[in-house]
Amino acid sequence: MVERHISCLDLDQIAASGQCFTWQRLGEGHYGIPARGSYVEAEQRGERLVFSCGETEFEALWADYFDLSTDYEAIQAAIDPADGYLRAAARYGRGIRVLRQDLWEVLVSFLISQNNNIGRITRSVQGLCRRWGEERRAGSRTYWSFPSPAALAGASESDFAALGLGYRARYLVRLTAEVEAAGYEDWARRLRAAGSEEAMERLTGLYGVGKKVAQCVCLFGLHQVDAFPVDTHIRRVLEAHYPAGFDLERYKGYGGILQQYLFYYDLAVKSR
DNA sequence: AGCCAGGAAGTCC
DNA sequence: GGACTTCATGGC
């Protein structure tokens, strides 16, 4: 067990923020989190977090996964005082962090996310895990790992379609084949070594990956926190609240985190 | 019943 | 290089 006092980290907000789709809700502020080949249970009361793992694993994996080395307070404090909308969004979603997730999981998840909604994305991604991931035990609970490229390479288009992927089933078949043909580990290494421009080129070169999905992969899978994915929510927010344009230059180095505040705030505003 | 969802490819010009 | 269409599917 590891206990930490952590500011700007809200499990419920992160779980609802549409950046990861495999967390299992065990209760309020209580989640089973399979990630990067491991698993932890995290429970929150206020700013006190309890993790089910040991100190060594926490420091080696989960501190990184939750991006604990980034100062989110400072980012929120750097927001233009005159930008009331962004300030409100950041205040509302102050517990959101940009997780450092597994690259392949992010690529597949956001390939599926296109023209889709979070509920259905979640069902599809978890369906992939149950069907092609490995069932593993963690204490009294079981969870499914995210399937490797090799595991997904054994699936067909109709397999994917049966999980509700719709027209994206074909994209996933081709994407998996392309990445397997290149050798996933080599392919991933080259991508991680690439700058933002080259990463965008490599990603959008994949069938079914356009600019928006590529930006999500840069942000969530490569932790290129400058990436600023513009989806249907963000486009509307920009049109409604930033007619003169959103000043990304002002926020160089963490625009993607602000993007998450805007996205999550719009989700919340819409659901009321 | 039609519109929307963390869009992208295909097809025109 | 843009605009326009098509692509599955569930939720509201």
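Residues numbered from 1 in each chain as written. Chains lettered and ligands numbered in written order. Predicted model: local features only at pLDDT ≥ 70, side-chain atom pairs only at ≥ 80, totals over all residues. Heavy atoms only, no water.

By the naming in an unreviewed UniProt entry, chain A goes by DNA-(apurinic or apyrimidinic site) lyase and is assigned to Intestinimonas massiliensis. The UniProt entry for chain A carries the following comment under Sequence similarities (unreviewed entry): "Belongs to the type-1 OGG1 family." Under the UniProt heading Catalytic activity (unreviewed entry), the note attached to chain A is "2'-deoxyribonucleotide-(2'-deoxyribose 5'-phosphate)-2'-deoxyribonucleotide-DNA = a 3'-end 2'-deoxyribonucleotide-(2,3-dehydro-2,3-deoxyribose 5'-phosphate)-DNA + a 5'-end 5'-phospho-2'-deoxyribonucleoside-DNA + H(+)". (UniProt positions renumbered as here; feature names shortened; annotations may be inferred.)

> Requested: an account of helix 14 (residues 255-270), with residues and values cited.
Helix length check: helix 14 (16 residues) gives 22 Å between terminal C-alpha atoms against 22 Å at 1.5 Å per residue, within 8%. With respect to burial, helix 14 is a largely interior element, 13 of its 16 residues being buried. (Helix = DSSP H or I, 4+ residues; strand = E, 2+ residues; numbered from the N terminus. Expected span 1.5 Å × (residues − 1). Buried < 20%, exposed > 50% of the residue type's maximum accessible area, 1.4 Å probe, protein only.)

> Pulling in residues and values, what's your account of the protein's contact with DNA strand B?
Around DNA strand B there are 31 residues in total, and Gly-18, Ile-118, Tyr-167, His-233 and Gln-259 lie nearest to it. Here the atoms of DNA strand B within 4 Å of the protein split so that 63% fall in sugar or phosphate, with bases taking the remainder. Contact between DNA strand B and Asn-115: a sugar or linking oxygen at 2.9 Å from a main-chain N or O atom of the residue. Measuring from a phosphate oxygen of DNA strand B, one finds a backbone N or O atom of Ile-118 at 2.5 Å. (Near = heavy atom within 4 Å. Polar contact = N/O pair within 3.5 Å; in protein donor to acceptor, adjacent residues only side chain to side chain.)

> Which residues make up helix 6 (residues 118-132), and what values do they have?
For helix 6, with 15 residues, the first-to-last C-alpha span of 21 Å sits near the 21 Å given by 1.5 Å per residue. Taken together, the buried positions of helix 6 are Ile-121, Ser-124, Val-125, Gln-126, Gly-127, Leu-128, Cys-129 and Trp-132. If you follow the buried residues of helix 6, they end up packed against strand 2 (24-27), helix 5 (103-113), strand 7 (141-144), helix 7 (149-152), helix 8 (157-162) and helix 9 (168-182). (Contact = heavy atoms within 4.5 Å.)

> An account of the side chain of Gln-224 is needed here, citing residue identities and associated values.
With respect to the helices and strands, Gln-224 occurs in the loop between helix 12 (211-221) and helix 13 (232-241). Its relative accessible area of 16% is what places Gln-224 among the buried residues. Among all residues touching Gln-224, those that are not within four sequence positions of it are Ala-194, Gly-195, Ser-196, Ala-199, Cys-218 and Leu-219.

> I'd like to hear about the protein's contact with DNA strand C, residue by residue, with values.
Every residue close to DNA strand C is listed here: Asn-115, Asn-117, Arg-120, Arg-123, Gly-166, Tyr-167 and Arg-168. Backbone atoms, meaning sugar plus phosphate, form 57% of the atoms of DNA strand C positioned within 4 Å of the protein. Contact between DNA strand C and Tyr-167: a sugar or linking oxygen at 3.1 Å from a main-chain N or O atom of the residue. Taken together, the residues of the surface near DNA strand C sort by class into one nonpolar, three polar and three charged. (Nonpolar A, V, L, I, M, F, W, Y, C, P; charged D, E, K, R; others polar.)

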